[in-house]
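Letter by letter, the chains look like this.
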Amino acid sequence: MLDLTDIEKPVPVDNAGPGDFDANGKRYLVGLDRDELANVFRELGEPEKSLRMRANQLWHWLYHRGTQDFEDMTTIAKGLRARLAEVATLDRGAIESHQQSEDGTAKWLVRNADGALIESVYIPEEDRGTLCVSSQVGCTLNCSFCHTGTQAWVRNLQPREIVAQIMIARDTLGEWPSPQEGRLISNVVMMGMGEPLYNLDHVAKALKIVMDGDGVSISKRRITLSTAGVVPMMDRCGEELDVNLAVSLHAVNDETRDELVPINRKYPIAELLAACRRYPGSSNSRRITFEYAMLKGVNDSAADARELVRILKGIPAKINLIPFNPWPGVAYDCSDWPTIRKFSDIVFNAGVSAPIRMPRGRDIMAACGQLKSASVKQRASQRT
Ligand code: SAH
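Residues numbered from 1 in each chain as written. Predicted model: local features only at pLDDT ≥ 70, side-chain atom pairs only at ≥ 80, totals over all residues. Heavy atoms only, no water.

Undergrad: Explain the site of the ligand residue by residue, including any values.
TA: Among the 19 residues in the neighbourhood of the ligand, the closest are listed as Gly-194, Ser-226, Ser-248, His-250 and Asn-325. Within the backbone of Phe-145, one N or O atom sits 3.3 Å away from a nitrogen atom of the ligand. Here Asn-325 contributes a backbone N or O atom positioned 2.8 Å from a nitrogen atom of the ligand. Taking 550 Å² as the accessible area of the ligand by itself, protein coverage stands at 94%. Of the residues contributing to the shell around the ligand, the split by class is nine nonpolar, eight polar and two charged. (Near = heavy atom within 4 Å. Polar contact = N/O pair within 3.5 Å; in protein donor to acceptor, adjacent residues only side chain to side chain. Areas by Shrake-Rupley, 256 points an atom, 1.4 Å probe, with all protein chains shown as cover. Nonpolar A, V, L, I, M, F, W, Y, C, P; charged D, E, K, R; others polar.)

Here it is in C-alpha cells:
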C-alpha cells in the first residue's frame, strides 16, 4: 500500500491566510484585478458608468507606477482620493530584512498580516535580472534533498502576497514606473518556497496581473513556473497561463525519483513526461527546463546522463544542472566537480543544452532549496 503521508503533509482545511482587510478594516488593493477595483469604487457610491475608467486609473497608479501614497494619484479627484484612502490600503507587507550577497544576489524576507514570513530572491546576471518568487509558506511536498520540504507546512499565499513580492523588489530597486527597456527585473521564476501547482488559483490570478501590459508588464515569455510534477495541473497551467515550464526532474528512473521527489509515487516519470509533451507552445525556441540537482552517488553517473538524454527524446528540453546545495543534517552530498562536468558534457554532446547553474547567494542562504533556513535559524538564535 502507498503511504501517502510520506509523499505529502496533510493540508489543513483553512489554509487561506489573512483576509482581504488589514487590522484597521481597510481593503488591500494589491492583488485585485480590474473588476475588483471597479467594485471598490462601486462601494464608494461612484456612478456605474465611470467604474471602468476609475478602475483603469487605479490600476495604472497601483501596478504601472507602483504608487505607495493615495495623494500621488493625481488623475483621481482629490475628494475621491481621500475617500479611497479611508477604505483601502496600498500595503504590500512589512520588509523584515533585505540582505545583499557578495555576488549581487539579494533576498527579501517579508512579514505578512498573520506573521507568516515570505522569501523572494533577486539574481542579477549579465543579460537578465531574475526574481525568484514563492507561492506558499512552507511546502507540503517532502522532497528528501530540499530544506523547505523538511519544515512545517504553513499555508498558501494569496494573490496579493505573490504580486507584492515583485512590487517590493521593484520598490527597493527603484524600478517604477514599469520600464519597457533595460529592466533590472526582466524575468520572474516561480521557484521560491512552495509548489505553485498546488496553489494554482492564486498563482494564476497573481500572474495574470503581473503579465498585464498596462501594469507590472512582465510577459509570459519571461515568466517560468517550476513544478515537482503535479501532472493533473500542468495542462491547466499551459492552457490558462501559457508561461514557460520548468520541471524538477532530478532522477531518470522511478526508483530513485520516488525517494528524491516522493510525489513521483503518484505521478511517475512516464506520466510526467507525457504531460510535458502535451505542454502548449514548447518548441526549440521555447524549451521546457528540467532541473537536475547533482547528488553524489545518487543520480550523477555517466549512465544516468545517457538515460536522461534518452527519456527526454522528442521534448524540446534544456537541462539545468544544479550543484546540490547542502544544509545542516542532510543525508546527501554534492557531486564532485569532474563528475558534474562529465555529466554535462555527455548530455551536451548528445545535443541537449545542459548548463551548470553556479550557486548564487549561498552566503545569505538564498540558493535553491535553502529558503526559509536563514529566517528559521535567525529566529532560533534570537530566542537564546
Ligand atoms: N515546488 C516547485 C518549486 C520549487 S523550485 C518545484 O519543485 O519545482 C526549487 C528548485 O530547487 C527545485 O527544482 C528543487 O528541486 C531544487 N532544490 C531544492 N533543494 C535543493 C538543494 N538543496 N540543492 C539544489 N537544488 C535544490
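From this point, the narrative continues.
Undergrad: Go over the domain arrangement of the protein with me, naming the residues and quoting the values.
TA: For the protein, the domain assignment lists domain 1 (27–89) and domain 2 (94–382). Its C-alpha centre places domain 1 at a distance of 34 Å from the equivalent point of domain 2. Residue-level contacts link 14 residues of domain 1 with 16 residues of domain 2. Both sides of the domain 1 and domain 2 interface together cover about 1,300 Å² of buried area, and 59% of this is carbon and sulfur. Counting the surface domain 1 buries against domain 2, the share from its top three residues, Val-30, Tyr-63 and His-64, is 40%. At the junction of domain 1 and domain 2, the tally comes to three salt bridges. Taking the shortest distance from any N to any O, the salt bridge between Glu-36 and Lys-205 comes out at 2.7 Å. Counting residues per element, the ones that place at least two in the side of domain 1 that touches domain 2 are helix H2 (34–43) and helix H3 (51–64). Tallying contributions element by element places H3 first for the side of domain 1 that touches domain 2, with four residues. Looking at the side of domain 1 that touches domain 2, its residues break down into six nonpolar, four polar and four charged. (Domains from an automatic or database assignment. Contact = heavy atoms within 4.5 Å. Buried area = accessible area lost by both parts, 1.4 Å probe. Salt bridge = Lys/Arg side-chain N within 4 Å of Asp/Glu carboxyl O. Helix = DSSP H or I, 4+ residues; strand = E, 2+ residues; numbered from the N terminus.)

Undergrad: Go over unusual backbone geometry, please, and point to the residues and values.
TA: Peptide bonds are, in most cases, trans, and in most cases residues other than glycine have a negative phi. Going from Trp-176 to Pro-177, the amide bond is cis rather than trans, its omega being -15 degrees. Topologically, Pro-177 is positioned in the loop between helix H6 (159–173) and strand E9 (187–190). Backbone geometry places Asp-242, a non-glycine residue, at a positive phi of 55 degrees. For Asp-242, the position within the fold is in the loop between helix H8 (231–240) and strand E11 (244–248). Exposure remark for Asp-242: the relative accessible area of 17% places this residue in the buried category. (Buried < 20%, exposed > 50% of the residue type's maximum accessible area, 1.4 Å probe, protein only.)

Undergrad: Outline H8, supporting the account with residue identities and numerical values.
TA: All of the buried residues along H8 are Val-231, Met-234, Cys-237 and Gly-238. One side of H8 carries all its buried residues, which in axial view fall inside an arc of 95 degrees. (Arc of directions from axis to C-beta.)

Undergrad: Could you give an account of the state of the cysteines, with specific residues and numbers?
TA: The final tally for this structure, using the stated rule, is zero disulfides. Among the cysteines around Cys-146, which has no disulfide bond, Cys-143 carries the closest sulfur, lying 6.2 Å off. (Disulfide = S-S within 2.5 Å.)

Undergrad: Before we move on, can you summarise the packing of H2 against H3 with the specific residues and values?
TA: It is at 8 Å that the axes of H2 and H3 come closest, and there the two elements cross at 115 degrees. The angle between H2 and H3 falls in the class roughly perpendicular. As for the relative orientation of H2 and H3, their crossing is right-handed in sense. Packed against H2, whose contacting residues are Arg-34, Asp-35, Leu-37, Ala-38, Phe-41 and Arg-42, the element H3 presents Leu-51, Arg-52, Arg-54, Ala-55, Asn-56, Leu-58, Trp-59 and Leu-62 at the interface. For the contact of H2 with H3, the class distribution of residues is eight nonpolar, one polar and five charged. (Axes fitted to C-alpha atoms, helices over the stretch in contact; angles between N-to-C directions. Parallel < 35°, antiparallel > 145°, perpendicular 65-115°, else oblique. Left-handed = near helix turned anticlockwise from the far one by under 90°.)

Undergrad: Help me get a handle on the packing of aromatic side chains, residues and values and all.
TA: The full count for this structure, using the stated rule, is three aromatic pairs. Across from the ring centre of Tyr-28, 3.7 Å away, lies the NZ or CZ of Arg-160, which sits over that ring. Taking NZ or CZ as reference, Arg-170 lies 5.1 Å from the ring centre of Trp-176, over its face. (Phe/Tyr/Trp six-rings, centres within 6.5 Å; stacked < 30°, edge-to-face > 60°. Lys NZ or Arg CZ within 6 Å of the ring centre and 35° of its normal.)

Undergrad: How would you explain the nonpolar core if you had to name every residue and give the values?
TA: Counting 109 residues, the largest nonpolar core has Leu-29, Phe-290, Leu-312 and Ile-319 as its most contacted members. Inspection of this core shows a minimum of three residues originating in each of domain 1 (27–89) and domain 2 (94–382). Excluding its chain neighbours within four sequence positions, the residues that come into contact with Leu-312 are Leu-249, Leu-273, Phe-290, Ala-317 and Ile-319. Residues Val-121, Ile-123, Cys-132 and Ile-364 belong to the second largest nonpolar core, which totals six residues. (Core = buried A, V, L, I, M, F, W, Y, C linked by side-chain atoms within 4.5 Å.)

Undergrad: Explain the environment of Leu-84 to me, using residue names and the numbers behind them.
TA: Looking at the secondary structure, you find Leu-84 in helix H4 (residues 78–87). Overall, the relative accessible area of 0% leaves Leu-84 in the buried class. If sequence neighbours within four positions are ignored, Leu-84 has contacts with Val-40, Phe-41, Leu-44, Leu-58 and Phe-70.

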